[in-house]
Amino acid sequence: MSFRDYTPILKLVFVSIFLARFTAAFPLVHHSHPLSTDPTTEVNSDFVSANLLRPALFTRAIYCGEDQVTKWVCEPCKALGSDIHVIKWGGDNNAVPNYIIAHDNSTNTIVVAHRGTNTKSLLSILDDVEIKHVDLDKSIFKQQEKIRIHYGFQNTFKHTSSDILAEVKEALAEYKSQSLLIAGHSLGATIATLDAVMLHEQLDSSVKKTVVVFGLPRMGNEHWANYVDSTIGPGFYRVTDRKDPVVDLPPHLLDYYHPSGEIHIEDVNTAGQATKVVKCPGQENKHCSAGNSVFHDAILNHRGPYFENISFSCKK
Ligand SMILES: *[C@@H]1O[C@H](CO)[C@@H](O)[C@H](O)[C@H]1NC(C)=O
Ligand SMILES: *[C@@H]1O[C@H](CO)[C@@H](O)[C@H](O)[C@H]1NC(C)=O
C-alpha cells in the first residue's frame, strides 16, 4: 500500500473530527461509554514470541500473490519456516480480501489468516455513507438481541463464511489437529473477528482457538463488543500500533465500541523493533489507542511495523 491508498481512511478521520466538534458543541448528542483508566502492564518478548509473532507473519505473507504463497516460497514466508502447507487460497482482492487456510505442522495448528484490502474496496467499505449498523445475521450467529454491526464488515465476511467453516472443519479432521489460529489485518481483521465468533460457536470447545488481529477498526455497538468478549473470551488479542487512527474508527459517537483484549505497541525503534508493548485492561482503555488524539494520528502506523519490523506488505 502506498500513502495514497490511505485517502479513504483520512477522509473518515476528517469526518470524525467534524463529528467530535459537533458533539462538543451539542453535548446531549454524545452517547458516553466510560473508558477504562486501569493501568496497563508491560508484556515481555516471550509473550510476544509465543502468542503474537506467528499470527503477524502469517498475515503478512498473504500480501504476496497467490503463486508465491501457495508454493510457500514468498520472501516473508521464510520467517515461518518450510513446515507449512497452504490448504486453500481464497478471496479476489477486490470485494473479498485474500485469505489462506494453512496447516502449520510445527505446532499442528490450522491457520486462517486474512490480509487487508486494496484501495477500491477499502473505499467502498469504509466510506462514511456505509457506516450504518445492521442486525447480526440470524442464519450464522446464535445471538442477535440488540447486537448491531457495521453493514460492510458483515457483508464482506458473508462472502466466505460458509466456505471457511466447512474447510476449517475438514482441515482439523484431516490433520487431527486440536488447535486453530485466526488472524487478520485491517479489513481482514474484521473478517477474522467475525470468523472467530462463528468458529467458537460452531466448533467443539476442545479445539483450542487463538485470535490475533492487527489494526482492527471498531465493528459494532457495545452489545457487539460484549458478544465478542463472551464468545471468544481471553484468547482474543487486538493489536494496535502507536497512533494508528484506523483503530479509533468509526468513532464512539456513531455508537461503535471495541471488545477487550487490546495489546498496544507504545514504542518502536528506528530498526522497526517494538521496544514497549502493553496489555490494556477493559474494552477500551484511556492509556492505549482509545486515548489517542485524532489530531496527532499517524496513518502509516496502521501498516506497522509490529513487533519485529513486521509491516503489512510483501516485503521482508
Ligand atoms: C510434521 O511434523 C511431524 C512431527 O513433528 C513430522 O514427523 C512430520 O514429518 C512433519 N510433516 C511434514 C510434511 O513435514
Ligand atoms: C524493516 O522492514 C522494511 C520493509 O518493510 C525494510 O525495508 C527495512 O530494511 C527493515 N529494516 C530493518 C532494520 O531490518
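Scope of this entry: the structure provided in the associated data block. (Residues numbered from 1 in each chain as written. Chains lettered and ligands numbered in written order. Predicted model: local features only at pLDDT ≥ 70, side-chain atom pairs only at ≥ 80, totals over all residues. Heavy atoms only, no water.)

In this section: helix H2 (residues 45-61). Of all the bends in H2, the greatest reaches close to 50° and is centred on leucine 52; the proline proline 55 follows between one and four positions later. Every buried residue of H2 is accounted for by Phe47, Val48, Leu52, Leu53, Pro55, Ala56, Leu57, Phe58, Thr59, Arg60 and Ala61. Of the residues flanking the start of H2, the one acting as N-cap is asparagine 44, its side-chain oxygen 3.2 Å from the backbone nitrogen of aspartate 46. (Bend = angle between axes of the 7 residues up to and from the residue. Helix = DSSP H or I, 4+ residues; strand = E, 2+ residues; numbered from the N terminus. Buried < 20%, exposed > 50% of the residue type's maximum accessible area, 1.4 Å probe, protein only. Polar contact = N/O pair within 3.5 Å; in protein donor to acceptor, adjacent residues only side chain to side chain.)

Glancing now at the side chain of threonine 190. Checked against the element boundaries, threonine 190 lands in helix H7 (residues 187-202). Those residues in contact with threonine 190 that sit more than four places away from it in its chain are Phe153, Leu216, Pro217 and Met219. (Contact = heavy atoms within 4.5 Å.)

All told, the structure shown has 9 aromatic pairs when counted by the stated rule. Summarising the aromatic geometry, the rings of phenylalanine 214 and tyrosine 306 are spaced 5.4 Å apart at their centres and angled 75° between planes, so their arrangement reads as edge-to-face. Residue phenylalanine 214 is found in strand E8 (residues 208-214), and its partner tyrosine 306 is found in the segment after strand E11 (274-279); the two are separated by 92 residues along the sequence. Between the aromatic rings of phenylalanine 214 and phenylalanine 312, the centroid separation amounts to 5.5 Å while the plane-to-plane angle is 50°, which identifies the pairing as tilted. (Phe/Tyr/Trp six-rings, centres within 6.5 Å; stacked < 30°, edge-to-face > 60°.)

Taken as a whole and assessed by the stated rule, the structure comprises 11 salt bridges. A salt bridge links lysine 88 to glutamate 167; its shortest N-O distance comes to 3.6 Å. One end of the pair, lysine 88, is in strand E2 (residues 84-90); the other, glutamate 167, is in helix H6 (residues 161-174), and 79 residues separate them in sequence. Between aspartate 248 and arginine 218 there is a salt bridge whose closest N-O contact spans 2.5 Å. Residue aspartate 248 is found in the loop between strand E9 (236-241) and strand E10 (262-268), and its partner arginine 218 is found in the loop between E8 and helix H8 (222-232); the two are separated by 30 residues along the sequence. Classification of aspartate 248 by relative accessible area gives buried; the value is 16%. Exposure remark for arginine 218: the relative accessible area of 1% places this residue in the buried category. Shared partners join several salt bridges into a network, and the residues in it are Arg218, Asp248 and Glu284. (Salt bridge = Lys/Arg side-chain N within 4 Å of Asp/Glu carboxyl O.)

What follows concerns the state of the cysteines. For the structure shown, the criterion picks out 3 disulfides. Linked covalently through their sulfurs, cysteine 64 and cysteine 314 form a disulfide whose S-S length is 2.0 Å. When the S-S torsion is 95°, as for the bridge of cysteine 64 with cysteine 314, the disulfide is right-handed. With a gap of 250 residues between them, cysteine 64 in the loop between H2 and helix H3 (66-70) and cysteine 314 in the segment after E11 connect regions that are remote in the sequence. The class of cysteine 64 is buried, set by a relative accessible area of 3%. There is a disulfide in this structure between cysteine 280 and cysteine 288, and the S-S distance comes to 2.1 Å. With the S-S dihedral at roughly -95°, the linkage between cysteine 280 and cysteine 288 falls on the left-handed side. Residues cysteine 280 and cysteine 288 agree in their burial class; the two are buried. Once the bonded cysteines of the protein are numbered in order along the sequence, the disulfide links fall as 1-6, 2-3, 4-5. (Disulfide = S-S within 2.5 Å.)

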